Amino acid sequence: MTERAAPIVEVSDLTVSFSGKPVLDAVTLSLWTGRITVLVGSSGSGKTTLLRAINRLNECFPHCRTEGAVRLKLEGRSGDIYKDFLPLPEVRRRVGMVFQTPAVLPFSILKNLTLPLRVTLGIWGNVLSDRVERALQEVSLWDEVKDRLQDAATTLSGGQQQRLCLARILALEPRVLLLDEPTASLDFRTTHKIEELLARLKERYAILAVSHSLSQVRRLADRVLVLREGRIAQELDPQHLQDTHAFQALLDEVF
Amino acid sequence: MQKTLDRLLTCLAWLSGGGTLLAVSLLLVFLASHGMPGIDAALFFGDTPWLDALLARKPIFGGIWPALVGTFSLVFLASVFSIPLGIASGIYLAEYASDHRHSLLDFMVDLLSGTPSIVMGLFGFTAILALRKTFLPGARTGLLLAGLCIGLLVLPYVIRTTESALEGIPDHLRLLGPSLGLTRWQNINKVLLPLAGRGILSGAILAVGRAAEDTAVILLTGVVAHAGIPGSLADKFEALPFRIYYLAAEHRSPQELEQGFATALVLLLLTGLLFLAAVLLQRSVERRWKTR
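A word on the nonpolar core. Counting 99 residues, the largest nonpolar core has Leu72 and Leu136 of chain A as its most contacted members. In contact with Leu136 of chain A, other than residues within four places in its own chain, are Leu113, Leu141, Trp142, Val145, Leu149, Leu164 and Ala167 of chain A. With 43 residues, the next largest nonpolar core counts Leu77, Ile150, Phe242 and Leu267 of chain B among its residues.

A word on helix α4 (residues 125-138) of chain A. All names here are of chain A. Helix length check: α4, at 14 residues, gives a terminal C-alpha distance of 20 Å against a target of 20 Å (1.5 Å per residue), a fit within 8%. Looking at α4, one finds that the buried residues are Leu128, Arg131, Val132, Ala135, Leu136 and Glu138. All buried residues of α4 fall inside an arc of 160° around its axis, so they share one side. Next to the buried residues of α4 lie α3 (109-121), α5 (142-145), α6 (158-170) and α7 (188-201). Just past α4, the residue Ser140 takes up positive phi, approximately 55°.

All names here are of chain A. Counting buried residues along strand β7 (residues 176-180), 5 of its 5 residues qualify, which places the element largely inside the surrounding structure. Alternating residues of β7 divide into Val176, Leu178 and Asp180 and Leu177 and Leu179, and every residue in both groups is buried. In this structure, strand β6 (residues 95-98) lies alongside β7, joined through 4 bridges in parallel fashion. Across the sheet, Val98 pairs through a bridge with Leu179, a residue of β7. As defined by bridge partners, β7 adjoins strand β8 (residues 206-210) across 5 bridges and the pair is classed as parallel. Each bridged residue has a counterpart across the sheet, and for Val176 the counterpart in β8 is Ala206. Handedness of the crossover joining β7 and β8 through α7 is recorded here as right-handed.

Turning to the interface of chain A and chain B, a few remarks are in order. Between chain A and chain B, the contact holds 27 residues from the first and 22 residues from the second. Linking chain A to chain B there are 0 salt bridges. Our count for the contact surface shared by chain A and chain B stands at 2 residue pairs in polar contact (both at pLDDT 80 or more). Only α2 (88-94), α3 and α6 of chain A provide two or more residues apiece to the side of chain A that touches chain B. For the side of chain A that touches chain B, the leading source of residues is α3 of chain A, giving 6 residues. Among the residues forming the side of chain A that touches chain B, the class breakdown is 16 nonpolar, 5 polar and 6 charged.

With that settled, consider the sheet that holds strand β9 (residues 223-228) of chain A. Residues and elements named next belong to chain A. If you walk across this open sheet you meet the 6 strands as β6-β7-β8-β3-β9-β10, and the pairing is mixed. The strands lining the two open edges of the sheet, one partner per strand, are β6 and β10 (231-236). Taking the axes of each pair of neighbouring strands and ignoring which way they run, one obtains an average angle of 20° across the sheet. Relative to β6, α6 is tilted by about 170°, and along the sheet it contacts β6 and β7.

Applying the stated criterion across every chain, the model contains 25 salt bridges over all chains. Among the charged side chains, a salt-bridge network with shared partners connects Asp106, Asp110, Arg160 and Glu163 of chain B.

Bringing the sheet that holds strand β1 (residues 9-18) of chain A into the picture now. Residues and elements named next belong to chain A. Spatially, the 4 strands line up as an open sheet ordered β2-β1-β4-β5, and their pairing is antiparallel. The open sheet has two edge strands with one neighbour each: β2 (21-31) and β5 (77-80). Across the sheet, the mean angle from the axis of one strand to that of its neighbour is 10°, orientation sign disregarded. The pairing of β1 with strand β4 (residues 64-74) spans 8 bridges and is antiparallel. Looking across to β4, one finds that Val9 is bridged to Leu72. Most of the contacts of helix α1 (residues 47-54) go to β1, to which it runs at about 120°, and overall it touches β1, β2 and β4.

Turning our attention to the side chain of Arg223 of chain A. Residue and element names in this part refer to chain A. Relative to the elements of secondary structure, Arg223 occurs in strand β9. Classification of Arg223 as buried rests on a relative accessible area of 4%. Among the polar contacts listed, one links the side chain of Arg223 to the side chain of Thr37, at a separation of 3.2 Å. Residues contacting Arg223, with those up to four places away along its chain left out, are Ser30, Leu31, Trp32, Arg35, Ile36, Thr37, Val38, Glu235 and Leu236.

Mean pLDDT over chain B stands at 91; residues scoring 70 or higher make up 100%. Across the whole predicted complex the pTM is 0.84, and at the interface the ipTM reaches 0.88.

Our focus in this paragraph is the packing of helix α4 (residues 65-96) of chain B against helix α13 (residues 254-291) of chain B. Residues and elements named next belong to chain B. Put simply, α4 and α13 touch, their axes get as near as 12 Å, and they point 35° apart. As α4 packs across α13, the resulting crossing turns out to be right-handed. Here α4 contributes Leu68, Thr71, Phe72 and Val75 to the contact with α13, which in turn contributes Val266, Leu267, Leu270 and Leu274. Its residues assigned to classes, the contact of α4 with α13 shows 7 nonpolar, 1 polar and no charged.

Our next topic: the environment of Gly272 of chain B. One can find Gly272 of chain B in helix α13. Remark: the alpha-carbon pair of Gly272 of chain B and Gly181 of chain B, spanning 91 residues in sequence, is separated by 42 Å.

All names here are of chain B. Take Gln282: it is sitting in helix α13. The class for Gln282 is buried, based on a relative accessible area of 12%. Excluding residues within four positions of it along the chain, Gln282 makes contact with Gly197, Arg198 and Leu201.

This part takes up a nonpolar patch on the surface. On the surface, Leu104, Leu105, Phe107, Met108 and Leu111 of chain B cluster together to form a nonpolar patch covering roughly 470 Å² of accessible area. Positionally, Leu105 of chain B belongs in helix α5 (residues 99-113).

Moving on: the packing of aromatic side chains. Considering all chains together, one arrives at 5 aromatic pairs over all chains under this definition. Note on Phe44 of chain B and Phe45 of chain B: the rings are 6.2 Å apart at their centroids and 45° apart in plane angle, and the pair reads as tilted. An identical accessibility class is assigned to Phe44 of chain B and Phe45 of chain B; each is buried. On the numbers, 6.2 Å between centres and 40° between planes, the contact of Phe242 of chain B with Tyr245 of chain B is tilted. Here Tyr245 of chain B and Phe242 of chain B lie together in helix α12 (residues 240-250), a separation of 3 residues that amounts to about one turn. By relative accessible area, which is 11% here, Phe242 of chain B ends up buried. Site record: aromatic cluster; members linked through ring pairs are Phe44, Phe45 and Trp65 of chain B. One cation-aromatic arrangement involves Lys111 of chain A over Phe107 of chain A; the distance from NZ or CZ to the ring centre is 4.5 Å.

Rules used in this analysis
Residues numbered from 1 in each chain as written. Chains lettered and ligands numbered in written order. Predicted model: local features only at pLDDT ≥ 70, side-chain atom pairs only at ≥ 80, totals over all residues. Heavy atoms only, no water. Core = buried A, V, L, I, M, F, W, Y, C linked by side-chain atoms within 4.5 Å. Buried < 20%, exposed > 50% of the residue type's maximum accessible area, 1.4 Å probe, protein only. Contact = heavy atoms within 4.5 Å. Helix = DSSP H or I, 4+ residues; strand = E, 2+ residues; numbered from the N terminus. Expected span 1.5 Å × (residues − 1). Arc of directions from axis to C-beta. Pairing = 2+ DSSP bridges. Right-handed = clockwise from strand over helix to strand, strands pointing away. Salt bridge = Lys/Arg side-chain N within 4 Å of Asp/Glu carboxyl O. Polar contact = N/O pair within 3.5 Å; in protein donor to acceptor, adjacent residues only side chain to side chain. Nonpolar A, V, L, I, M, F, W, Y, C, P; charged D, E, K, R; others polar. Axes fitted to C-alpha atoms, helices over the stretch in contact; angles between N-to-C directions. pLDDT = per-residue confidence, 0-100. Left-handed = near helix turned anticlockwise from the far one by under 90°. Patch = residues over 30% accessible without salt bridge, like charges linked within 9 Å, V, L, I, M, F, W, Y side chains within 5 Å. Areas by Shrake-Rupley, 256 points an atom, 1.4 Å probe, with all protein chains shown as cover. Phe/Tyr/Trp six-rings, centres within 6.5 Å; stacked < 30°, edge-to-face > 60°. Lys NZ or Arg CZ within 6 Å of the ring centre and 35° of its normal.

Structure follows, in structure tokens:
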């Protein structure tokens, strides 16, 4: 995938403030299918707010004001998600988000997957079963849970729960994945598994992830955006990432 | 010093827990020992054969069956009024109200929960007087009025527990529904309410218990010592707490006092059964929520 291909997401001059206090200041970036863009920055630099601005989730918080544009390209059409390009629920379905803590509902494994499909898309019966199986296979979880789909999702391990969360989003057929430190609460082995999965998924989805792990950034990122006090302070490409000393110096400065 | 303080506080915590357990156990033992001997068919139906009494073929004199039916009807009416309205108000406060409306409504709910039950009874009584002078000259105190007034009395319990159960849901689960494309109402209905189910149930249980035991409200809104089983919502009625109060205050023989204790035990058992029914209902709903 080259820079010349049209981006799936184009964020321009995005400014977000809560109760008049600016959190993001004129952020501009693009996301492409086939590339994992990783956001790094110190706590409070606006990483999570930036993710939530791309699926308009900031609006769930009071006194949020957003300016600028987030253009999304879907099936040949494109438009600003802040200007009635799509109904809000559809924007959030097409721009899926995975949280830092595995956010499984205290329902069965199956219901965790079927609830959003039934409620948002009205899918039932065989079509529903097919989507569920496909999504679980996509995250390599099908073999582990196919015989216990009625068990509580909370009985799964942390890594399995996070993959279930990913499967739940993939079943909704998004174009973009926003990952907010998806491996922060997982051990090394499970983290490795999720990273392999993300490396596979990037071929089909544009991915924007937040990470606090320097080694993970080097393993995963095709591009790194350094966020400082709500602004994109620097952008690093794969060549920069290979230069250990320069990369380390920059990240030391960031963190 | 810190260690001694820790031990002291641990001791105090154990004592408080143990004290509560002891107080409740003593109360139950006392009530059971005084009330148990009085529980028989005559307590419920007096001299009337039980089948005739149950089928309302003959009136009951001296038995508590009409009071049991009256209390059950009151609890039912109060619950039908207060639980849906309380849950809806709790949802509004937790999910929809702006800061300004939230603080205004908070104040109102606090005011309502601080209203003494006798004042609520007076409110009902005055409302009937006002209705008699205006739209409904035939209006009188009765089961429906008492049920509505008790419903109003217990409404704050349901509102507060629903509100705090919803507000206690962690952010990552609160945001989950919207992040999956659920609308605000779909998120409340399909995700947040099931998550808050247990908290909401505790409010409903509190409301049921409070509705079953209140005497002051019904004193002014339609309860009488002898009314039989009410035939309509406008009829006067009997109720267990009022009968306990009446027997305790005006008993003419040790047998009547014993009947008072037995009635108190029956009220306790009725409330326990209502709690149990609420828990079983909640579990069955939760099971359905979790899997389907």
